[in-house]
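Summary of the model geometry
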Amino acid sequence: MTKRPNILYIMSDDHAARAISCYGSGLNSTPNLDRIANEGMRLDNCYVTNSICTPSRAAILTGTYNHVNQVTTLDTHIDNRLPNVAKHLRAAGYQTAIFGKWHLGEGRAHEPTGFDEWAVVPGQGDYFDPVMIDRDGETIEPGYATDIITDKCLDFLSCRDTGKPFFLMCHHKAPHRSFEPHPRHRHLYADGKLPVPETFDDDYSNRGAAAAAARMRIRADMTYKDLGLVQPEGGAEVGDLLVPGWKDRKVPDVNPGEELRLIDALTGEHHVFTDPAELALFKYQRYMMRYLQTIASVDENVGRLLDYLDAAGLTENTIVIYTSDQGFFLGEHGWFDKRFMYEESLQMPFLIRYPPAVPAGTISSKIATNVDFAPTFLDYAGVPIPSYMQGASMRPLLERQAGGDWQDVAYHRYWMHKDEFHNAFAHYGVRDARYKLIYWYNEPLGQPGAHGGGEPPEWELFDCAEDPFELHNRADDPAYADIFADMLGKLDRKMAEIGDLPEHDSVAVLAGLRPLAGVA
Ligand code: CA
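Only a predicted model underlies this, so the values are computations on that prediction, with no experimental measurement involved.

Take the overall build of the chain next. Along the backbone of the chain there are 13 helices and 18 strands. For the chain, the C-alpha radius of gyration of 23 Å lies close to 24 Å, the compact-globule estimate for 520 residues. Counting only C-alpha atoms and orienting by the principal axes, one finds that the chain spans roughly 65 × 65 × 45 Å. Counting all 520 residues of the chain, 58% fall into the buried class. Here the chain has roughly 19900 Å² of accessible surface; of this, 51% comes from carbon and sulfur atoms. Considering the chain, the positive charge centre built from 49 side chains and the negative charge centre built from 75 side chains are found 4 Å apart.

Written as structure tokens, this is what we have:
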């Protein structure tokens with residue numbers, strides 16, 4: 001009988017693929033993350049089914065879409081009486097543990113279940129001296145979150161029951177907002193010369209209403225805290241509140257002819273701005289510097305775990321995965337944050353090493369999504385995949401056996417449109433190897449019920465091969481009418497397959513499309 005593999009699942013929070021050097025952007029250096037890819041596989045088309053923290057985590061644990069597991073938003077926490085992958089692995093004889101960010105709720109109804117050992121941060125958690133919760137209650141852990149979470153993983157590994165395989169989830173808080181680096185990394189990426197994305201000054205033309213409406217802009221929506229700046233005492237003149245009732249304010253834009261003085265919270269250095277474009281670039285550089293500095297710590301700590309596996313002789317028989325709960329905008333379209341089905345936030349980085357099965361130094365462009373992770377773990381563990389799970393084991397993909405019948409679309413649905421602070425419209429859609437179809441149903445913000453008085457629903461269709469930055473909506477382009485109809489069919493089939501309910505009416509949509517198809 002083949003020895004069952006250990007599974008080390010490392011996940012960070014909001015880590016875009018572009019900020020991992022093996023993905024080739026040239027932004028930063030992550031040698032330890034790259035090592036996983038070099039000794040295993042890099043996935044280029046791994047996608048999240050709902051680009052926001054809590055729902056993604058529920059999809060990963062349960063192998064189900066959010067309309068099934070009911071964890072649709074940050075505020076709809078997991079019902080931990082339901083099954084999850086850790087419970088299945090534990091029942092099958094694995095020793096299971098999770099350390100770090102949980103974000104699926106606290107208290108007996110929501111805390112981690114299925115784990116022999118666990119210690120998690122409440123909510124988003126803190127970077128410095130974080131509170132951690134375990135079965136015995138809350139403790140303040142002195143130090144830096146990324147180091148502490150790794151220490152707890154290493155303690156678990158060194159004290160584990162060596163008679164059992166292990167399933168260990170190492171969930172970092174970094175590089176999530178507010179991007180607070182460890183002092184040892186504050187010198188990195190600090191020269192203000194990080195490359196600026198081509199779409200940084202996007203004017204959101206040629207697209208639906210959602211892009212222009214979103215409040216995720218670097219130039220207008222980042223807080224003093226996000227950027228490591230001193231927030232002056234005062235009210236609206238200092239900046240808009242991020243969330244009413246909170247204390248964090250946004251760094252304002254500067255009006256022509258006026259002056260904005262910003263003070264570095266660490267060094268006390270003053271920066272004075274009169275030009276809005278110069279201020280926007282300053283904010284971009286500060287944001288990216290801090291974001292990449294927190295990732296340097298993640299990379300180092302992944303290195304510590306890989307070193308442990310080497311020293312303990314566990315490298316050969318341990319599946320190591322590095323991923324993030326979704327992607328993130330790194331200045332593309334002028335944004336930070338996630339939520340949207342646009343490529344930067346839809347794509348999850350995914351690196352996997354398992355020497356006996358996954359060929360080293362390989363890259364896959366096959367489509368996978370986060371509901372596929374749990375079935376994959378069970379498959380490799382030799383545990384039957386329960387019928388309630390909706391994802392597919394990625395084993396054929398990882399072992400280069402995926403044929404023509406491998407899944408050809410990824411489905412995404414975002415439900416958190418009532419969060420008026422980000423103003424990201426409700427939407428769902430599918431992406432295949434080339435095209436992406438999105439239906440925006442644009443419910444009005446902060447209002448109960450559906451569709452009364454918001455923007456009219458609308459479609460977006462992107463040709464991701466011809467238009468990789470998704471700048472030209474082709475939904476109404478006669479030349480794309482057949483492709484629109486084809487993608488609509490893929491969307492309808494996927495929604496029917498997974499049991500999600502559409503807001504659109506395909507019969508009416510196609511009836512409206514036919515004259516256009518005739519022109520094409
Ligand atoms: Ca996240």
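To continue, consider the pairing of strand E17 (residues 435-440). The buried fraction of E17 is high, at 6 of 6 residues. Judged by which residues are buried, E17 turns out to be covered on both faces: Tyr-435, Leu-437 and Tyr-439 on one side and Lys-436, Ile-438 and Trp-440 on the other are all buried. Pairing analysis gives 5 bridges linking strand E16 (residues 427-431) to E17, with the strands arranged antiparallel. Bridge pairing in E17 places Arg-431 opposite Lys-436. From the end of E16 to the start of E17, which pair antiparallel, there are 3 residues. Note that E17 and strand E18 (residues 458-463) share 6 bridges and pair antiparallel. Paired with Leu-437 across the strands is Leu-461, a residue of E18.

Turning next to the sheet that holds strand E15 (residues 410-414). The sheet built from 4 strands is open, its strands ordered E15-E16-E17-E18 with antiparallel pairing. Strands with a single pairing partner mark the edges of an open sheet, and in this sheet they are E15 and E18. Averaged over all adjacent pairs, the angle separating strand axes in this sheet is 15°, with direction ignored.

Moving on, we get to the coordination of the calcium ion. Around the calcium ion, the protein contributes the donor atoms Asp-13 (OD), Asp-14 (OD), Cys-53 (SG), Asp-325 (OD), Asp-325 (OD) and Gln-326 (OE1), which lie 2.1 to 2.6 Å from the metal centre. Taken together, the 6 donor atoms surrounding the calcium ion define angles of 53 to 163° at the centre, an arrangement classified as irregular. Counting the intervening residues between successive donors of the calcium ion yields the motif D-D-x38-C-x271-D-Q. Placement of Asp-13 in the loop between strand E1 (6-12) and helix H1 (31-38) and of Cys-53 in helix H2 (residues 53-62) is noted, with a sequence separation of 40 residues between them.

Our next topic: unusual backbone geometry. Where the residue is not glycine, phi is negative for most of them; where a peptide bond is considered, it is trans in most cases. Cis geometry marks the peptide bond from Ala-174 to Pro-175, where omega comes out at -5°. Position of Pro-175 relative to the elements: it lies in the loop between strand E8 (166-171) and helix H6 (209-213). Each neighbour pair has its own omega, and for Arg-177 with Ser-178 the value is 10°, a cis peptide bond. Checked against the element boundaries, Ser-178 lands in the loop between E8 and H6. A positive phi angle is found at Tyr-189, which is not glycine, with a value near 55°. Position of Tyr-189 relative to the elements: it lies in the loop between E8 and H6. Judged by its relative accessible area of 21%, Tyr-189 is partly exposed. In this structure, Asn-423 takes a positive phi of about 55° despite not being glycine. Tracing the sequence through the fold places Asn-423 in the loop between E15 and E16.

With respect to the helices and strands, the residue Asp-79 is situated in the loop between helix H3 (66-69) and helix H4 (85-91). With 21 residues separating them along the chain, Asp-79 and Ala-58 place their C-alpha atoms 9.8 Å apart. There is a polar contact of 2.9 Å between the side chain of Asp-79 and the side chain of Arg-81.

Okay, the domain arrangement of the chain next. Here the chain is partitioned into domain 1 (6-181 + 295-340 + 371-398) and domain 2 (410-516). Taking the mean C-alpha position of each, domain 1 and domain 2 sit 29 Å from one another. The interface is formed by 21 residues belonging to domain 1 together with 21 residues belonging to domain 2. Summed over both partners, the interface of domain 1 with domain 2 buries about 1600 Å², with 61% contributed by carbon and sulfur atoms. Three residues stand out in domain 1 for area buried against domain 2, namely His-67, Arg-339 and Phe-340, and they jointly supply 37% of the buried area on that side. Run the count over domain 1 and domain 2 and you get 1 salt bridge.

What follows is about the pattern of salt bridges. Inspection of the entire model under this criterion finds 36 salt bridges. A salt bridge links Lys-101 to Asp-13; the shortest N-O distance between them is 2.2 Å. Placement of the pair is Lys-101 in strand E4 (residues 95-101) and Asp-13 in the loop between E1 and H1, with a sequence separation of 88 residues. Asp-13 carries the same exposure label as Lys-101, and that label is buried. For the salt bridge of Arg-474 with Asp-477, the shortest nitrogen-to-oxygen distance reads 3.4 Å.

Basis of the calculations
Residue numbers run consecutively from 1 along every chain, following the written order of its sequence. For a predicted model such as this one, the threshold for reporting local features is a pLDDT of at least 70, and the threshold for listing and counting side-chain atom pairs is 80 or more; totals across whole chains, interfaces and linings nevertheless cover every residue. In computing side-chain values, all of the structure's heavy atoms are included and hydrogens and water are not. Going along the chain from the N terminus, every DSSP run of H or I of four or more residues is numbered as a helix, and every run of E of two or more is numbered as a strand. For a compact globule the rule gives 2.2 Å times the number of residues to the power 0.38, and the radius of gyration it is set against comes from C-alpha atoms. Using a 1.4 Å probe on the protein chains alone, a residue whose accessible area is under 20% of its type maximum counts as buried, one over 50% counts as exposed, and one in between counts as partly exposed. For accessible areas, the Shrake-Rupley method is used with a probe of radius 1.4 Å. Any residue's cover is judged against the shown protein chains and nothing else. Neither His nor the chain termini are counted; the positive set is Lys and Arg, and the negative set is Asp and Glu. Here the site of a charge means atom NZ of a Lys, CZ of an Arg, CG of an Asp or CD of a Glu. DSSP bridges decide pairing: two strands pair if at least two such bridges lie between them. The axes are straight lines fitted to the C-alpha atoms, using for helices just the contacting stretch, and the angles between their N-to-C directions are given from 0 to 180°. Only nitrogen, oxygen and sulfur atoms within 2.8 Å of the metal, or 3.2 Å for Na, K and Ca, are treated as donors, and water is left out, so sites may look incomplete. For four-coordinate sites, all angles between 85 and 135 degrees define a tetrahedron; for four- and six-coordinate sites, opposite donors beyond 155 degrees with the remaining angles between 65 and 115 define square planar and octahedral shapes respectively, and all other cases count as irregular. For this analysis, a polar contact is any N or O atom pair within 3.5 Å, provided that within protein one partner can donate a hydrogen and the other can accept it, and provided that sequence-adjacent residues contribute only side-chain to side-chain pairs. These domain boundaries are the output of an automatic or database domain assignment. Residues count as neighbours in contact if any of their non-hydrogen atoms are within 4.5 Å of one another. Summed over both partners, the accessible area lost on bringing two parts together, with a 1.4 Å probe, is the buried area. Whenever a carboxyl oxygen of Asp or Glu lies within 4 Å of a side-chain nitrogen of Lys or Arg, that contact is scored as a salt bridge.

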